[in-house]
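Spelled out, the chains give:
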Amino acid sequence: MPWVVGGLLCYAAGIAYAVADTVADRPGSRKVVIATVCGAVLLGVAIAERWLRSANGPFYTLFEILLSSLFSLGLMSAVLYWVAPLTRIGAVVTLPVLFMLGLWALNVPSETSPQPATYESVWLWIHVGVGKVFLGVLLVAVGVAGSLLLARTSVLRNVRVASQDALYELSWRLVAVAFVFHSLMLIAGAVWAQDAWGRFWAWDPLETWTLITWLAIGAGLHLRLAYGLSRDYGCAYILGVFVLAFLTFFGVPFSSIAAHKGIL
Amino acid sequence: MIHGLQKLASLKITPVAMLALGAGVFVSYRSGDPAAVWVMAPLSVLVVNLLCAILVTPRFRRDAGLLMFHICLLAVVTLAAYGYLGQFRGRVEVAVGQQVEPDMITAVARGVLHDGDALHRLTFVQETFRVEYTQGLFRTRTLSRVRLAGGDERAFGDNVPLALRGYRFYTSSNKGYSALVRWAGATGGQAVGVVNFPSYPMHDWNQVSSWTAPDGSALNLALQLGDKPPQDKAWVLDSSTQRHAQLLIDIDGQRIRLREGDAVPVSDGVLTFLETRMWMGYTVYFFPMLNWLLAFSLVGVLALGWFYLRRFGVLQKRPLIGGRSAIRAGRHVDSLVR
Ligand code: HEM
């Protein structure tokens with residue numbers, strides 16, 4: 001647990017730097033990136049330590065899934081902040097989302113639980129891996145889109161002066177990349193489901209909501225092409241898609257007892 | 001003609017139909033009918049829209065990756081529809097030593113194009129199986145052994161199905177005990193029956209079943225297994241372990257207790273309890289062209305990835321989105337994402 005708290009404190013430091021940048025009307029600084037990397041590393045250690053103790057990967061309980069998401073979403077954000085510094089502007093939105101996820105993790109039971117034998121599959125790794133990349137990229141897209149919306153309320157003054165068009169384009173590019181990974185997640189999940197439960201698709205709650213999210217993203221990409229979505233509507237749409245994806249990831253699997261549970 | 005196609009190919013229709021499909025999926029999920037009209041209607045619109053777009057939209061001519069992705073989308077929908085029409089899903093319970101016969105397989109879903117005769121070519125004999133549990137009766141590994149028609153043996157379970165002529169047999173959580181009984185009629189005639197009791201250990205407390213003798217009389221049976229599955233330690237359910245259970249049979253309001261080898265007169269004959277065995281429950285799955293479905297999905301996504309790599313300039317060695325210089329350049333960064 002100390003590693004988790006340490007990781008969250010780093011994310012909190014990242015938030016502080018991001019807010020300071022915003023107030024000072026600076027583009028996102030490297031300190032934000034470093035704090036995010038440190039947070040992800042500490043959370044990575046938390047996962048490794050737990051894994052060595054329980055011999056189970058972070059795939060099964062709500063706590064494990066929150067922990068692995070905190071790590072991977074932080075890591076994805078840090079990578080994107082590094083290679084595409086324009087995205088740092090969204091850290092004021094992205095990092096608080098991660099921090100809240102962390103507070104949630106601290107408040108759920110953290111006991112380990114045995115995993116069903118169906119979890120011993122390379123497809124689980126691929127499915128979860130590309131899924132995390134999807135959500136990480138979408139989270140950064142939401143950061144950028146969210147900061148553009150904040151600019152409307154003059155919270156983020158620097159965006160007002162700087163290139164809103166460029167940032168808007170950037171957020172949709174990230175959504176497009178996320179869409180590719182979402183598609184891969186669907187495919188890998190179907191292959192795993194075929195092996196594990198003897199069917200690739202069964203309209204279970206998680207599958208259904210994932211398909212709805214996929215269609216919503218595809219529709220968004222086409223809406224922009226066909227109707228040229230205005231910037232505010234476009235950013236709001238990205239936010240909406242993220243809420244859908246977030247609820248699908250963290251809401252649906254834990255509100256239905258059927259998903260992924262072993263039966264006598 | 002071309003003008004009509006162009007109208008049907010309009011990109012204005014696409015996102016609206018996609019949102020309608022998303023809403024339709026939600027409604028049908030709530031109503032429990034995945035093939036409902038609110039899914040089929042927007043899906044059909046999308047298919048027609050896409051087919052026409054592929055034929056007449058110049059944008060697709062200019063970009064092979066984008067075209068390939070959309071063709072693959074069409075192929076996936078077509079293959080999935082064909083697959084559903086030809087699919088078979090079912091389940092079967094096979095006792096150790098028993099041979100699977102087609103009429104033992106219960107269909108759960110059968111597409112109209114499914115070739116029923118194919119089921120007659122599926123056969124194997126169940127050998128032993130074992131199921132592992134951790135403390136607290138949490139099921140982990142399952143391993144089942146079967147003998148195929150040619151004499152080959154196969155071991156499989158969990159993520160690995162038994163593949164027979166395109167059909168896949170998956171071990172399930174459903175498995176339990178059977179009683180092997182022999183009925184001998186008063187006027188001649190004999191039959192051996194396998195009576196499967198409810199899933200174990202799930203229905204450990206309720207091991208009752210019934211069996212219809214060849215003379216048509218229904219016999220109510222219960223199996224008494226003795227010790228309970230342990231909750232406090234790891235445990236293995238192994239079909240080769242003999243349980244020597246007792247069989248209880250209700251005759252004329254009286255409950256009669258049989259050990260293995262005991263016999264009892266029943267309405268028009270004699271029933272002998274031969275021995276206790278175990279049965280394994282499988283789910284059976286057949287979906288034509290499943291591998292093609294996977295291949296088209298993968299090629300489609302890779303084509304889309306290729307399209308974006310080129311469009312975002314990654315393959316042209318231009319900066320993807322920003323770059324270190326973008327930060328230094330401060331606020332004038334529009335050109336970098338254009
Ligand atoms: C579920 C179905 C569909 C999905 C998931 C899908 C996905 C995509 C994606 C990801 C793009 C690239 C968008 C971008 O530039 O960022 C695209 C572009 C395009 N799609 Fe679709 N598509 C679907 C159905 C259709 C249909 C039915 C049509 C028929 C008109 C269509 C026509 C186009 C066209 C013309 C483009 C290129 C637009 C441009 O870049 O100028 N798509 N599609």
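Residues numbered from 1 in each chain as written. Chains lettered and ligands numbered in written order. Predicted model: local features only at pLDDT ≥ 70, side-chain atom pairs only at ≥ 80, totals over all residues. Heavy atoms only, no water.

## Description of the domain arrangement of chain A
Residues and elements named next belong to chain A.
1) Next: Segmenting chain A into domains produces domain 1 (1-111) and domain 2 (119-264).
2) Next: Contacts between the two partners involve 30 residues from domain 1, matched on the other side by 32 residues from domain 2.
3) Next: Between domain 1 and domain 2, a total of about 2,600 Å² is buried, with carbon and sulfur atoms accounting for 79% of that surface.
4) Next: In terms of surface lost to domain 2, no three residues of domain 1 exceed Phe59, Tyr60 and Ile89, which account for 24% of the buried area on that side.
5) Next: Inspection of the domain 1/domain 2 interface yields 0 salt bridges.
6) Next: Here domain 1 is connected to domain 2 by 3 residue pairs in polar contact (both at pLDDT 80 or more).
7) Next: Elements represented by at least two residues in the side of domain 1 that touches domain 2 include exactly α1 (2-23), α3 (62-83) and α4 (91-106).
8) Next: The class makeup of the residues in the side of domain 1 that touches domain 2 is 19 nonpolar, 9 polar and 2 charged. (Domains from an automatic or database assignment. Contact = heavy atoms within 4.5 Å. Buried area = accessible area lost by both parts, 1.4 Å probe. Salt bridge = Lys/Arg side-chain N within 4 Å of Asp/Glu carboxyl O. Polar contact = N/O pair within 3.5 Å; in protein donor to acceptor, adjacent residues only side chain to side chain. Helix = DSSP H or I, 4+ residues; strand = E, 2+ residues; numbered from the N terminus. Nonpolar A, V, L, I, M, F, W, Y, C, P; charged D, E, K, R; others polar.)

## Quick notes on the site of the ligand
1) Next: In the neighbourhood of the ligand, 23 residues make up the surrounding shell, with A:His222, B:Arg59, B:His70, B:Tyr308 and B:Arg311 lying closest.
2) Next: More than a single chain frames the ligand: its nearby residues are located in chains A and B.
3) Next: Note that an oxygen atom of the ligand is positioned 2.9 Å from one of the side-chain N or O atoms of B:Arg59.
4) Next: B:His70 has a polar side-chain atom sitting 2.8 Å from a nitrogen atom of the ligand.
5) Next: When residues of the shell around the ligand are traced back to their parent elements, those giving at least two are α8 (205-227) of chain A together with α2 (13-31), α3 (37-56), α4 (58-62), α5 (64-86) and α6 (290-311) of chain B. (Near = heavy atom within 4 Å.)

## Digging into the sheet that holds strand β13 (residues 254-258) of chain B
Residues and elements named next belong to chain B.
1) Next: On the basis of which strands lie adjacent, the open sheet formed by 4 strands has the order β9-β10-β12-β13 and antiparallel pairing. The sheet is open, and its two borders are formed by β9 (208-212) and β13, each paired with just one other strand. With direction set aside, neighbouring strand axes in the sheet form an average angle of 30°.
2) Next: Relative to strand β10 (residues 218-224), β9 is paired through 5 bridges, and the arrangement is antiparallel. Each bridged residue has a counterpart across the sheet, and for Ser209 the counterpart in β10 is Leu221. (Pairing = 2+ DSSP bridges. Axes fitted to C-alpha atoms, helices over the stretch in contact; angles between N-to-C directions.)

## Re α8(A)
All names here are of chain A.
1) Next: Counted at 1.5 Å a residue, the expected span for α8 with its 23 residues is 33 Å, and the 31 Å between its end C-alpha atoms agrees.
2) Next: Most of α8 sits out of view: 18 of its 23 residues are buried.
3) Next: Where α8 begins, the side chain of Asp204 points an oxygen toward the backbone nitrogen of Leu206, at a separation of 3.0 Å.
4) Next: With its phi angle positive at about 60°, Gly228 sits one or two positions after the end of α8. (Expected span 1.5 Å × (residues − 1). Buried < 20%, exposed > 50% of the residue type's maximum accessible area, 1.4 Å probe, protein only.)

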